Amino acid sequence: MNTTTQLIPSVWQRLMALVQTDASGESVLRKFLGGIAPPLMGIIIFLGIWHVSASGIHTSLGTLPGPVAVMKQADNLYQEYRNEQVREASFHERQKNRKAEFMASNPGEEFSEIKYTGQPTYLDQIFTSLYTVFVGFMLGTVIAVPLGILCGLNKTIQAALNPLIQIFRPVSPLAWLPIVTLVVSAVYISDDPMFAKSFLISAITVTLCSMWPTLVNTALGVASIDKDLLNVSKVLRLSTRTKVMKIVIPSSLKLIFTGMRLSLGVAWMVLIAAEMLAQNPGLGKFVWDEFQNGSSQSLERIMVAVFTIGFVGFMLDRTMHSLQQMASFGQRTE
Amino acid sequence: MKPAHSTRPGYLEQSPAVKARFDKIKQREVILEVRNLGKRFVTAQGEVDALRDINFSIHRRELVCVIGPSGCGKSTLIRILAGLENHTSGVALLDGKPIDGPGQDRGMVFQGYSLFPWLTVKKNVMFGPEMKGHGWEQAEREANLWLELVGLSKFSDAYPHQLSGGMRQRVAIARALVNEPRILLMDEPFGALDAQTRAKMQSHLMEIWRNIDVTILFITHDLDEAIYLADRILVLKPNPGEVHELIEVPVPRPRSPAQFSSPEFLATKARLEELIHPAAKAEKNEAEEEQNGTPHLIRFTNVNDNVE
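### A short note on the pattern of salt bridges
All names here are of chain B. Throughout the structure, instances matching the rule amount to 29 salt bridges over all chains. The residue Arg210 makes a salt bridge to Glu207 at a minimum N-O spacing of 3.7 Å. With Arg210 and Glu207 both in helix 6 (residues 195-211) and 3 residues apart, the pair spans about one turn of that helix. Residue class for Arg210 comes out partly exposed when judged on its relative accessible area of 43%. Between Glu245 and Arg271 there is a salt bridge, with its nearest N and O atoms 2.6 Å apart. Pair noted here: Glu245 is in strand 10 (residues 242-248) and Arg271 is in helix 8 (residues 263-276), with a separation of 26 residues, a long-range link. For Glu245, a relative accessible area of 16% puts it in the buried group. If you follow the salt bridges from partner to partner, you end up with Arg40, Glu47, Asp49, Arg52, Lys237 and Glu242 in one network.

### Here we look at the pairing of strand 2 (residues 46-59) of chain B
Here is the key point about a regular strand: its side chains alternate between the two faces of the sheet. Residues and elements named next belong to chain B. Here strand 1 (residues 30-43) runs beside strand 2; their pairing, made up of 10 bridges, is antiparallel. Its bridge partner lying in strand 2, Lys39 is registered against Leu51. Here strand 1 folds back onto strand 2, and the loop between the two strands holds 2 residues.

### Topic: the confidence of the model for chain B
All names here are of chain B. Considering every residue of chain B, the mean pLDDT works out to 86; 92% of them sit at 70 or more. When pLDDT is averaged over each element of chain B, strand 8 (residues 215-219) comes out on top at 94 and helix 9 (residues 280-293) at the bottom at 54. Prediction confidence for the complex, expressed as pTM and ipTM, is 0.77 and 0.72 respectively.

### Structural notes on the nonpolar core
One finds Leu32(B), Phe56(B), Leu77(B), Leu81(B) and Leu217(B) to be the most contacted residues of the largest nonpolar core, which totals 86 residues. A per-element tally of this core places helix 9 (residues 240-278) of chain A first, with 14 residues. Once residues within four sequence positions are removed from consideration, Phe56(B) is found in contact with Leu32(B), Glu33(B), Val34(B), Leu77(B), Leu81(B), Leu217(B), Leu234(B) and Leu246(B). Ala174(B), Leu205(B), Ile233(B) and Ile247(B) belong to the second-largest nonpolar core, a separate cluster that totals 55 residues.

Quick notes on the rules
Counting from 1, residues in each chain are numbered in the order their sequence is written. Chain labels run from A onward and ligand labels from 1 onward, assigned in the order the entries are written. Totals for whole chains, interfaces and linings use all residues, but because this is a predicted model, local features are given only for residues with pLDDT of at least 70 and pairs of side-chain atoms are given and counted only at 80 or more. Note: side-chain values were computed over all heavy atoms of the structure, leaving out hydrogens and water. We define a salt bridge as a side-chain nitrogen of Lys or Arg found within 4 Å of a carboxyl oxygen belonging to Asp or Glu. In this description a helix means any DSSP run of H or I spanning at least four residues, a strand means any run of E spanning at least two, and both kinds are numbered starting from the N terminus. Buried means the residue's accessible area, taken with a 1.4 Å probe over protein chains only, is under 20% of the maximum for its type, while exposed means over 50%, and partly exposed covers the values in between. In short, DSSP must find at least two bridges between two strands for them to pair. Here pLDDT means the predictor's own confidence in every residue, given as a number from 0 to 100. Definition of nonpolar core: a set of buried residues of the types Ala, Val, Leu, Ile, Met, Phe, Trp, Tyr and Cys, connected through side-chain atoms within 4.5 Å. It only takes one pair of heavy atoms within 4.5 Å for two residues to be counted as in contact.

What follows is the structure, given as structure tokens:
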């Protein structure tokens, strides 16, 4: 009883605060609605059009699913993940019991554990994709940033690399993939491989396609450093190494991050295509498998994947945007 | 332009106090000596003399301004002295040693501040000492000292973009002075500042100069600034850049803005005007051009609707 009497004014106050006007003379509520209404409207209209038009399209896998069916499927995929978790937990439980029994009856002998081989769930596939894109992107950054710095510092190197950059930049991942597949298969031979071949092929394809924006932007950033800042380094007689570490990299950081943000966007797009063909167990393979599967649920599942891909890509971009913001020292970036 | 006061060049007259001061300065050791310095550029149109046969020397704790119309090579001169550019003839001696290449014995302050935007004010000032191999603590101590001197202790943890133009230039001055240069080379340092900030910075610079053993070479295109700050003014003329005259400013020290209308100040200014804008012939063409350049405006308003 006591708690409710305390609660009611607080809720009331909060509601009243929404109607209060702020510094600009507009009510907080109106401002909030003004900010959120247009995007919300956009989404609702989109869902409406989708719902209406989907029911009219009949494919070989049945009617194109509408938003409701896709939502249900998303929940379904989540349930599958939960079930799989339970199954895995019980497997480990059983194995533990078996081990205890075994140790009791055969003391001193080695117990051969069985590895759990469950189906990768949808969430596992998302993480595989994230991991693959991360490795490919990082590899690309590690190659592109130093190359870009060299290009920016030295006109001759820039001139030498420029035609190569221009030619390789627009190449589609689908063209790289066969080459990468063959090269990886020929070079990466190991009895106990640390990485799966499909993973390496996808990651390297991502690297080849996504490193160019970082390279180009780094070169641009380094080439456009304020000449007076370089003069400061001359007056202090800095070594080239110190100059690069203390002046060149910090002052081109903003453009390096801009390049990396573009690269990550490309990397994520390319990854899905690469996974489809390389059969790396991520979202791309999921889409491909569902397409080949051709069950009544396939289209719904693919659409869940489409939204997942979009959402993850969006989140990656936001993350890079924050990094970019940090590297721009007070100047705003878009 | 006709000098109003007399036919005698008043800027050459020095009061006994001013004269005594110049005598004293001339007895001090020479910090910078420039002999027959020349710079020749090779362009597609042929060879161009940016600087030719420049001679002057600066004594310890002297404040010398370089002035001249645009294109007279004053920036080239200071860049050669800083070691950022090569000269093609003659020599420049700092403490008797020829200048070849940049070094910490010459501090440079640029018009564009050139602070590191990714470092705080304090770290900007610490940069030089740290690169010289002073430990972090010593560098910090030195930075704090110089920031206090330029009156920015409170802002030591701010970033350059949070400061006003005048404050940024003060950081730049502190950053140059922390390396304890023999000479401070300033390339139109206050050119980007508004008039009020500029006046403040001029007084501030003189305050620093009075308290520290530093010699200053200061480039400007502002006549008042040159007279207000300088012991001597090196007037350059363009095409090719040559020394026009080296004027000993007869305005007594300590200087104050009130002296802007003193007879010595006005006489010096009249002389500078004469040297830099040699009235008559050259200017006539320019004036004509300017007049021709004025566009013919069509009236878009009613004739009776006179705004004036």
